[in-house]
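# Coordinate inspection notes
So the chains spell out like this:
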Amino acid sequence: QVQLVESGGGSVQAGDPLRLSCAVSGRTFSSYAMGWFRQAPGKEREFVAGINRVGGSTLYAESVKGRFTISRDNAKNTVYLQMTSLKPEDTAVYYCAARSGLISTQNNYDYWGQGTQVTVSA
């Protein structure tokens, strides 16, 4: 069984940075592509960023490109989401997810964390 635990969420002002972490346990972390998704109130969960198993390839949603950076440390079994220039529209619950195979922008990940709240005030 794979377990994912997010941390680092909180309340910030517009323009501030924030870094999310997701610790993964249970299986070989480097076997999984990792993704970050978010869900705002009243909206569907959406893809934010993804990274392949070795960290050499990344994907981003257009809305966060140039502001967010996904990275991973396979020695620490952790994936990160560095967020800069945060906007109120970035307010959401952020989830990390793991899947065997390639990065996906869809919700077809095998394992999910419980989520961490990010609130950005104007």
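Summary of the structure given here. (Residues numbered from 1 in each chain as written. Predicted model: local features only at pLDDT ≥ 70, side-chain atom pairs only at ≥ 80, totals over all residues. Heavy atoms only, no water.)

## Brief notes about the environment of Ser121
Tracing the backbone shows Ser121 in strand E11 (residues 116–121). Overall, the relative accessible area of 31% leaves Ser121 in the partly exposed class. Separated by 110 residues in the primary sequence, Ser121 and Ser11 have C-alpha atoms spaced 7.5 Å apart. Beyond its immediate chain neighbours, meaning those up to four positions away, Ser121 contacts Val12, Gln13, Ala14 and Pro88. (Helix = DSSP H or I, 4+ residues; strand = E, 2+ residues; numbered from the N terminus. Buried < 20%, exposed > 50% of the residue type's maximum accessible area, 1.4 Å probe, protein only. Contact = heavy atoms within 4.5 Å.)

## What to know about the pairing of strand E8 (residues 78–83)
Taking burial as the measure, the six residues of E8 include five buried ones, the bulk of the element. Bridge count between strand E3 (residues 18–25) and E8: six bridges; the pairing is antiparallel. From the neighbouring strand, Arg19 faces E8, where its bridge partner is Gln82. With antiparallel pairing between neighbouring strands as the criterion, strand E7 (residues 68–73) and E8 make up a hairpin whose turn holds four residues, including Asn77 at a positive phi of roughly 55°. (Pairing = 2+ DSSP bridges.)

## Observations regarding the nonpolar core
By size, the foremost hydrophobic cluster in this structure holds 29 residues, and its most contacted members are Met34, Trp36, Leu81, Met83 and Tyr94. Every element with two or more residues in this core is listed here: E3, strand E4 (32–39), strand E5 (46–51), E7, E8, strand E9 (92–100) and E11. When near neighbours in sequence (up to four residues on either side) are disregarded, Met34 contacts Leu4, Val24, Phe29, Ala49, Gly50, Ile51, Ile70, Arg72, Val79, Ala97, Ala98 and Tyr109. The next biggest cluster of nonpolar side chains, apart from the first, holds six residues, and it includes Ala33, Phe37, Ile103 and Tyr109. (Core = buried A, V, L, I, M, F, W, Y, C linked by side-chain atoms within 4.5 Å.)

## Details of the pattern of salt bridges
Counting across every chain of the model gives four salt bridges. Note that Glu62 and Lys65 form a salt bridge whose closest N and O atoms lie 2.7 Å from each other. A salt bridge links Asp90 to Arg67; the nearest nitrogen and oxygen atoms lie 2.8 Å apart. On the criterion of sequence distance, the pair formed by Asp90 in the loop between E8 and E9 and Arg67 in the loop between strand E6 (58–60) and E7 is long-range, its members being 23 residues apart. A residue is classified by how much of its surface remains accessible, and Asp90, at 1% relative accessible area, is buried. Look at Arg67 and you get buried, because its relative accessible area is 10%. (Salt bridge = Lys/Arg side-chain N within 4 Å of Asp/Glu carboxyl O.)

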